[in-house]
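Architecture and fold: a report
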Amino acid sequence: GQDLPALAAWQRTRPPDELPRIKYFGTADVPSYGVRGVPMEDEEFVRPRPGVYVVSAHYLAGVRKLRAAGWPAPDWLTEFRPSARIAYSMYVYEFE
């Protein structure tokens, strides 16, 4: 949860009604840091819908191994461009 305070600070610069989809790797209680959002489902990781996504770097790196095993998710690190990077471990993607 070391970068969750930075994510909360970033969210304070965003529209207050924006609820990003969050794919967080860790055991911390995300809302206790003041972070707003909803959990990102696996289907959204395969086919992102319009919206804002915050994804832990752990998942972005791990998707390459999953793809090698046949999981149909895109390689977010090379196929999509993040609109922001939160501290060291979270990437923000915005899809229209």
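Now for a look at the structure at hand. (Residues numbered from 1 in each chain as written. Predicted model: local features only at pLDDT ≥ 70, side-chain atom pairs only at ≥ 80, totals over all residues. Heavy atoms only, no water.)

**Concerning unusual backbone geometry**
One non-glycine residue, Ala87, lies in the positive phi region at around 50 degrees. With respect to the helices and strands, the residue Ala87 is situated in the loop between strand S4 (84-86) and strand S5 (90-95). Its relative accessible area of 35% is what places Ala87 among the partly exposed residues. (Helix = DSSP H or I, 4+ residues; strand = E, 2+ residues; numbered from the N terminus. Buried < 20%, exposed > 50% of the residue type's maximum accessible area, 1.4 Å probe, protein only.)

**A short note on helix H1 (residues 4-11)**
Taken together, the buried positions of H1 are occupied by Leu4, Leu7, Ala8, Trp10 and Gln11. Buried residues of H1, viewed axially, fall in a sector of 160 degrees; they line one side. Summarising the contacts, the buried residues of H1 are in contact with strand S3 (51-56), S4 and S5. (Arc of directions from axis to C-beta. Contact = heavy atoms within 4.5 Å.)

**Digging into the nonpolar core**
Formed by 14 residues in total, the largest nonpolar core has its most connected members in Leu4, Leu7, Trp10, Val35, Val54, Met90 and Val92. Mapped by element, the contributors of at least two residues to this core are H1, S3, S4 and S5. It is H1 that provides the largest number of residues to this core, a total of four residues. The contacts of Val35, once residues within four sequence positions are left out, are Leu4, Leu7, Ala8, Gln11, Ile22 and Val30. Counting twelve residues, the second-largest nonpolar core is a separate cluster that includes Val46, Ala73, Tyr91 and Tyr93. (Core = buried A, V, L, I, M, F, W, Y, C linked by side-chain atoms within 4.5 Å.)

**Looking at the pairing of S5**
Among the six residues of S5, five are classified as buried, and the element is accordingly described as predominantly covered. The pairing of S3 with S5 spans six bridges and is antiparallel. Each bridged residue has a counterpart across the sheet, and for Tyr53 the counterpart in S5 is Tyr93. Once S4 ends, the chain turns through three residues before running back antiparallel as S5, passing Ala87 with a positive phi of about 50 degrees. (Pairing = 2+ DSSP bridges.)

**Focus on the sheet that holds strand S1 (residues 21-23)**
Within the open sheet, the five strands sit side by side as S2-S1-S3-S5-S4. Their pairing is mixed. Each edge of the sheet is formed by a strand with only one pairing partner; in this case those strands are strand S2 (38-39) and S4. On top of the sheet, helix H3 (residues 57-68) reaches S1, S3 and S5; it is set at about 80 degrees to S3, its chief contact. (Axes fitted to C-alpha atoms, helices over the stretch in contact; angles between N-to-C directions.)

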